[in-house]
Amino acid sequence: MDEHKRALDEVERQRVAMAARIHLPLWFRCAFCVVWTGLLLAPVLTSHHDRFGLPAFPYVPAFALLLVVVLMSYRRRSGLNVAVRSRAYPALRRHAVGTAAVMGGGALVTWGLTVLDLPLQALPVGLVAGGLATAQVWRVNTGIRDDVLAGR
Amino acid sequence: MTTSGSSGRGLDATIHPLPRLSLCAALAAGPEWVEFAVARDSTGLSDSAVSKHARALEEAGYVEVRKGFVGRRPRTWLHLTDLGRRRFTAHVAALQRLVRPGDGE
């Protein structure tokens, strides 16, 4: 009985350890927020850089590259391949619609306003959408950690 | 039903040793692929112990091992197969039944 109890305790210990490792660190959340917001605003910065007093620069590929760097850095530091080929945690399915709405919707509205030549409206919308996307990533991450702790 | 690797109580003989159970638990909780060093740190096993038990689990078809590079550094990743996950889940359920016989009945 003791042996079985010890085995279950070990399973629990591994779940707690892995949940702690999956926890997104503050640097990642901050970097993701800045880079995702930058990616949303990149088209408006490219087409209206003179209006915002910015130099002409390939903002879209630069922020896309930065996003890859942030994701790769997290993967390298955590030793977990969660960004690209994660297993189907129930939280991912549970939050799939919300994630698609926040990430896709934010991009659609911000880039839509850019296409409609409304840069002053696109700017605050992009900032809010970037913040919401980061909050959604955090929410999904919390859900995944709950799944791990519950052994789902 | 009992298989060649499981006892009549539903415990899986391949998973049952504590280091292997620990390794399976870490891989089951982790994402699709878990780096060797993460599994080692999480379980507290030595490099050679992780290698040995990962090989035993690999031979049973419970774990898949992949080698590659991150930059120029060689890395090894471990992955719990579908079979491994099913057997691990059944093993944990059997342990729970043994520890708390009233649960799930």
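Further up the page is the structure itself.
Structure report, in brief. On a predicted model such as this, the values are computed, not experimentally measured, just so you know.

All names here are of chain A. For the coordinates displayed, the defined rule picks out five aromatic pairs over all chains. Residues Trp27 and Phe28 carry aromatic rings whose centres are separated by 5.9 Å and whose planes lie at 80° to one another, so their mutual orientation is edge-to-face. Arranged with centres 6.1 Å apart and planes meeting at 20°, the rings of Phe28 and Phe32 form a pair that is stacked. Here Phe28 pairs with Phe32, and both are found in helix α2 (residues 26-47), just four residues apart, close to one helical turn.

Bringing the environment of Arg87(B) into the picture now. Relative to the helices and strands, Arg87(B) is located in helix α4 (residues 82-99). As for Arg87(B) and Gly44(B), which are separated by 43 residues in sequence, their C-alpha atoms are 23 Å apart.

The next thing to look at is the side chain of His79(B). With respect to the helices, strands and loops of the structure, His79(B) is situated in strand β3 (residues 73-80). In this view, His79(B) contacts Glu32(B), Trp33(B), Tyr62(B), Val63(B) and Glu64(B); residues no more than four positions away in its chain are not counted.

Residues and elements named next belong to chain B. Taken in spatial order, the three strands of this open sheet run β1-β3-β2, and their pairing is antiparallel. One side of each edge strand has no neighbouring strand; the edge strands of this open sheet are β1 (34-35) and β2 (63-70). Sheet contacts for helix α1 (residues 18-29): β1, β2 and β3; angle to β3, the most-contacted strand, approximately 90°.

Our focus in this paragraph is helix α5 (residues 96-115) of chain A. Residue and element names in this part refer to chain A. The first and last C-alpha atoms of α5 sit 27 Å apart over 20 residues, in line with the 28 Å expected at 1.5 Å per residue. Looking only at α5, the buried set comprises Met103, Gly106, Ala107, Thr110, Leu113 and Thr114. On its buried face, α5 is in contact with α2 and α6 (119-150).

Rules of the game
- Residues numbered from 1 in each chain as written.
- Chains lettered and ligands numbered in written order.
- Predicted model: local features only at pLDDT ≥ 70, side-chain atom pairs only at ≥ 80, totals over all residues.
- Heavy atoms only, no water.
- Phe/Tyr/Trp six-rings, centres within 6.5 Å; stacked < 30°, edge-to-face > 60°.
- Helix = DSSP H or I, 4+ residues; strand = E, 2+ residues; numbered from the N terminus.
- Contact = heavy atoms within 4.5 Å.
- Pairing = 2+ DSSP bridges.
- Axes fitted to C-alpha atoms, helices over the stretch in contact; angles between N-to-C directions.
- Expected span 1.5 Å × (residues − 1).
- Buried < 20%, exposed > 50% of the residue type's maximum accessible area, 1.4 Å probe, protein only.

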